[in-house]
Amino acid sequence: MITEARCAGRSRRDFLATAGTGALVAASVASLPGTGHAALPQEAGLPAAKLQPFDMADVTLGEGPFLHAQRMTEAYLLKLEPDRMLHNFRVNAGLKPKAAVYGGWESDAIWEEINCHGHTLGHYLSGCALAYRSTGNRRFRERIDYIAADLAECQKAGETGLICAFPKGPALVAAHLRGEKITGVPWYTLHKVYAGLRDAAVLADSETSRAVLLRLADWAVVATRPLSDAQFETMLNTEHGGMNEVFADLYFMTGNPEYRTMSLRFSHKAIMEPLARARDHLDGLHANTQVPKIVGFQRVYEATGDVKYKDAAAFFWDTVAHTRSFATGGHGDNEHFFAMADFEKHVFSAKGSETCCQHNMLKLTRALFQYDPQVAYADYYERTLYNGILASQDPDSGMATYFQGARPGYMKLYHTPEDSFWCCTGTGMENHVKYRDSLYFHDDRALYVNLFVPSSVAWKAKGAVLTQTTRFPDVPSTTLRWKLQRPTEMALKLRHPRWSRTATVLVNGTETLRSSNPGSYVEIARTWNDGDEVELRLIMEAGVESAPAAPDIVAFTYGPLVLAGTFGREGLAPGSDIVVNERKYGSYNDAPFTPPMLAGDPTTIARTIRTTGKPLEFTIASADQRPIRLIPYHRVAHERYATYWRIAPAADPKPV
Ligand SMILES: [Zn+2]
């Protein structure tokens, strides 16, 4: 639990006294990433979350791939120079920049028309705030304070409250507001700045960030006031990130009803209304333009109680997670949703599964789960966390992917440290420093264990610490041990994932429960004593997945993991997978490659998967009986791979 002083930098009691919006504040921060304020009574009429997350400061990560990934991102964040990210903010405010601007989307002419200049600073603030909350390392707090002070200076010099880094400065936004044709996505870019300041205010208690954020919010209220609802809706045809989400958050942070109105005005009705009626109209739409809006719809529901927004968010999640996603949890080709009848035309693209989409789907999944704690959400979270997020980081350089396509024999490509600054570089700064925000959840009586990751969680209201020891996914079991101040009555809810036929629970070495209901929670409610130990045993086995429209194109899985065939690094110069231009995916390292053929019935082929004796390393038999090495996709780096296979018909039986 967070101390009183952590509530937006003031004591909660002071805040209640002055703002009269304590319930709003509590509801707000409970839903923001990484915080875990205890639930207070909600504002009358507003829906209450069924589960609360734990504050990231109360969760520790043990040694393992997630902690490794976190450390790589921490190092990257500390290597970047705030003055270089602030360059164009200062230029636009009429101030002298203190260092040269970074490359890529931040300044390079080839990306000029997208006008994403400045998005990195927003992601960077979010990344530092998440890292600070996760680790308590003051260096992240110092970065935030430095940037917030500089942005405050820019805001003061610029006078209106708008801070931005676009080459034409505020003129771009002004033209957009006037309804003129523009190039670029100014609200998308500004959303990152808003979100970064919000995270800095909430997670790192940065008062300056909060002040800059509120002034930036008030600028938007005034600047958009002349727009009719119809004009506003037309403006939303241009990508605008999660502006509706941020204004709902601002409403929760302040209780100011103007911000709630803004969250509704920033909600794109042309997208929301069909989804609320359970109509999937996503074919052909730009995927990552939509997902953040949908995260915002859920947040607008929380701020208004209007169930249309919840219905839209839940339906979108269901259709994307269950009908439009690859086995890895990613979706889309060349950034767009495609008609699933055309799966075959898209699955082997080098430009599948933009990593930002997975980042944003996990945000949506986490938000929906708290209001409707279904295992289906947690299962999707696990699948995408391993096969999308953990898989996206180069374990050696810490750099991240843009696309994670399934062109057979292609390889993962990562951004450079200083010359790319793609959207996925930005979300990559956040992904790996917030792993601990979704391992555990709780209500008043039960602690939910959603992910099997070495870690511990302090449930301060109960005087309890639960420590999880596991080598999952190398070993399909986990052990949880209570440290308690006194015997305590609580329920432990362990996820029995869909991928495991059974789940067996041992308490202090004695089998007490066996579930044969995959996709449910196994509950053990009792009075726990200090030192009590619970073991959960699951079953991981090889499986096969295909899309209904193309049953001969399959991916092989093992538990929640997608298994990739690996083909070595022949023809790949060291470092040739660290690239500048995300638009050239598919043309980097594009030597022709023919993957080995698999033939016959996919389920029968899956039965040929054999362990090599090394953890999670397998072979599968090709049509010519040569074994192909299979490893979890998230462990593939710097070599050619295949995640999807076109299965040939079984060879004709040999004539007798
Ligand atoms: Zn991206």
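Structure: above.
Structure report, in brief. (Residues numbered from 1 in each chain as written. Predicted model: local features only at pLDDT ≥ 70, side-chain atom pairs only at ≥ 80, totals over all residues. Heavy atoms only, no water.)

Moving on to the side chain of H268. Take H268: it is sitting in the loop between α12 (257-265) and α13 (269-276). A relative accessible area of 5% places H268 in the buried class. Excluding residues within four positions of it along the chain, H268 makes contact with E233, L236, N237, H240, K293 and F297. (Helix = DSSP H or I, 4+ residues; strand = E, 2+ residues; numbered from the N terminus. Buried < 20%, exposed > 50% of the residue type's maximum accessible area, 1.4 Å probe, protein only. Contact = heavy atoms within 4.5 Å.)

Attention now moves to the sheet that holds strand β12 (residues 520-528). Taken in spatial order, the five strands line up as β1-β4-β5-β9-β12 in an open sheet, and their pairing is mixed. Looking along the sheet, the strands with just one partner apiece sit at the ends: β1 (52-53) and β12. Relative to strand β5 (residues 446-449), strand β4 (residues 440-442) runs antiparallel, the two being bridged by three bridges. When the bridges of β5 are listed, H442 appears paired with L447. Contacting β9 (488-496) and β12, helix α18 (residues 375-389) crosses the sheet at an angle of about 60 degrees to β9. (Pairing = 2+ DSSP bridges. Axes fitted to C-alpha atoms, helices over the stretch in contact; angles between N-to-C directions.)

When you line up the elements, L484 lands in strand β8 (residues 477-484). Along the backbone, L484 and E533 are 49 residues apart, and their C-alpha atoms lie at a distance of 12 Å. Among all residues touching L484, those that are not within four sequence positions of it are G463, A464, M490, W528, N529 and D530.

The expected angle between donors at a tetrahedral four-coordinate metal is 109.5 degrees. At an octahedral six-coordinate metal it is 90 or 180 degrees. The coordination sphere of the zinc ion contains the protein donors E354 (OE), C356 (SG), C423 (SG) and C424 (SG), at a distance range of 2.2 to 2.3 Å. Seen from the zinc ion, its four donor atoms lie at angles of 93 to 125 degrees, and the figure they make is tetrahedral. Counting along the primary sequence, the residues that act as donors to the zinc ion give the motif E-x1-C-x66-C-C. Within this pair, whereas C356 is found in helix α17 (residues 355-371), its partner C424 is found in helix α19 (residues 423-431), the two being separated by 68 residues in sequence. C424 shares its class with C356; the two are buried. (Donors = N, O, S within 2.8 Å, 3.2 Å for Na, K, Ca; no water. Tetrahedral: all angles 85-135°; square planar, octahedral: opposite > 155°, others 65-115°.)

Function-wise, these values are silent; they only describe arrangement.
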